[in-house]
Amino acid sequence: MTHEPPLGDRTQAPVNPYVPHPARIYDYLLGGKDHYAADRAAAEETSRRAPQVRESARANRAWMRRAVRYLAGRGMRQFLDVGTGIPTSPNLHEVAQRISPDCRVVYADNDPVVLAHARALVSSSDEGRTAYIRADLRRPDEILRAPALWETLDRDRPVALTLSAVLHFVRDEEEPARIVAAFRDALPPGSYLALSHTTNDIQPRRAADAAAVYGERRAAALMVPRPLHQVEAFFDGFDVVEPGVVQLPRWHPDGPVRPRLLDDVWLYGGVGRLANG
Ligand SMILES: C[S@@+](CC[C@H](N)C(=O)[O-])C[C@H]1O[C@@H](n2cnc3c(N)ncnc32)[C@H](O)[C@@H]1O
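Scope of this entry: the structure provided in the associated data block. Nothing here was measured: the structure is a model prediction, and the numbers come from that model. (Residues numbered from 1 in each chain as written. Predicted model: local features only at pLDDT ≥ 70, side-chain atom pairs only at ≥ 80, totals over all residues. Heavy atoms only, no water.)

### Details of the packing of helix H3 (residues 52–73) against helix H4 (residues 92–99)
For the pair H3 and H4, interaxial distance at closest approach is 9 Å and the crossing angle is 35 degrees. In the packing of H3 onto H4, the handedness of the crossing is right-handed. Listed contacts from H4 to Met 64, Arg 65, Val 68, Arg 69, Ala 72 and Gly 73 of H3 are Leu 92, Val 95, Ala 96 and Ile 99. When grouped by side-chain class, the residues that make up the contact of H3 with H4 number 7 nonpolar, 1 polar and 2 charged. (Axes fitted to C-alpha atoms, helices over the stretch in contact; angles between N-to-C directions. Helix = DSSP H or I, 4+ residues; strand = E, 2+ residues; numbered from the N terminus. Left-handed = near helix turned anticlockwise from the far one by under 90°. Contact = heavy atoms within 4.5 Å. Nonpolar A, V, L, I, M, F, W, Y, C, P; charged D, E, K, R; others polar.)

### Section: the nonpolar core
Of all hydrophobic cores here, the largest spans 35 residues; its most connected members are Leu 71, Phe 79, Trp 251 and Val 271. Of all elements in the fold, only H3, H4, strand S2 (104–109), helix H5 (112–116), helix H6 (118–121), strand S5 (192–198) and strand S8 (267–274) reach the threshold of two or more residues within this core. Among all residues touching Trp 251, those that are not within four sequence positions of it are Trp 63, Arg 66, Ala 67, Tyr 70, Val 241, Glu 242, Pro 243, Gly 244, Val 246, Gly 269, Gly 270 and Val 271. Counting 33 residues, the second largest nonpolar core, distinct from the first, contains Val 159, Leu 163, Val 166 and Leu 195. (Core = buried A, V, L, I, M, F, W, Y, C linked by side-chain atoms within 4.5 Å. Buried < 20%, exposed > 50% of the residue type's maximum accessible area, 1.4 Å probe, protein only.)

### Quick notes on helix H9 (residues 176–186)
Residues Pro 176, Ile 179, Val 180, Ala 181, Phe 183 and Arg 184 constitute the buried set of H9. Packed against the buried residues of H9 are strand S1 (78–82), helix H7 (140–144), strand S4 (160–164), S5, strand S6 (238–240) and S8.

### Observations concerning the side chain of His 168
Note that His 168 resides in the loop between S4 and H9. For His 168, the contacting residues outside a window of four places in its chain are His 197, Thr 198, Leu 222, Met 223, Val 224, Arg 226 and Leu 267.

Shown next, in the form of structure tokens:
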């Protein structure tokens, strides 16, 4: 008989192929190949209820790359990426190091499958550095005190914290705002936050139905879409840069935004600079 840890602690368990996991569901939606039958079934069910989830996943990955280019383009050379995901090229350090090869990136995720691929995440340029921490976002101290973090990043220089499509796996009772604040308070002056988050605002019923799959299938984490004002509130203590917290396709688009994308991308995102920092 297998012993299953209680929901909420499952993400610390070794790989369990029968428990759908956000990283592997996302990998499947992005067309990757690192997932099990339970992940595929959960992903297919969310897509059946809301075909928009695939477009949303692709748009999120594209937004992450734009946000990193934006930050590296403004001189950021250090990144802490929490909720990294299974490697999907180009990964964050590749995007940043294309702009400046000396960029340093620390990745953190709680999925053992992501850990299994950590080698792809730590293949840094010679001038830069990368590291991987297996840790849970809901215990920010574990990440902030991990030796690899400040061995890789310089405490005296600004850090861009990226929380890309991860905070919606933190339930209200786990106090996501407190978690973001714990990171914020540890960031050196001049640091940034880049955050994206799923929402129910665009098609409330469909989005709620799709998110419910995580609970129905007893996935490793529940998905909690949030309204715009709650996503904006995560930037407390940061000065949000233009154009604010917006639907991802509207955030510094590379070209004209197809109107269809604004129906299909159910995530908000933004970038903020530490206030008074
Ligand atoms: C939807 S993926 C996003 C991946 C990547 N950040 C991106 O935007 O392309 C969410 C990631 O967050 C991770 N994750 C979910 N809950 C987490 C937690 N409590 N602590 C650390 N990582 C978590 C999952 O394992 C997964 O890799």
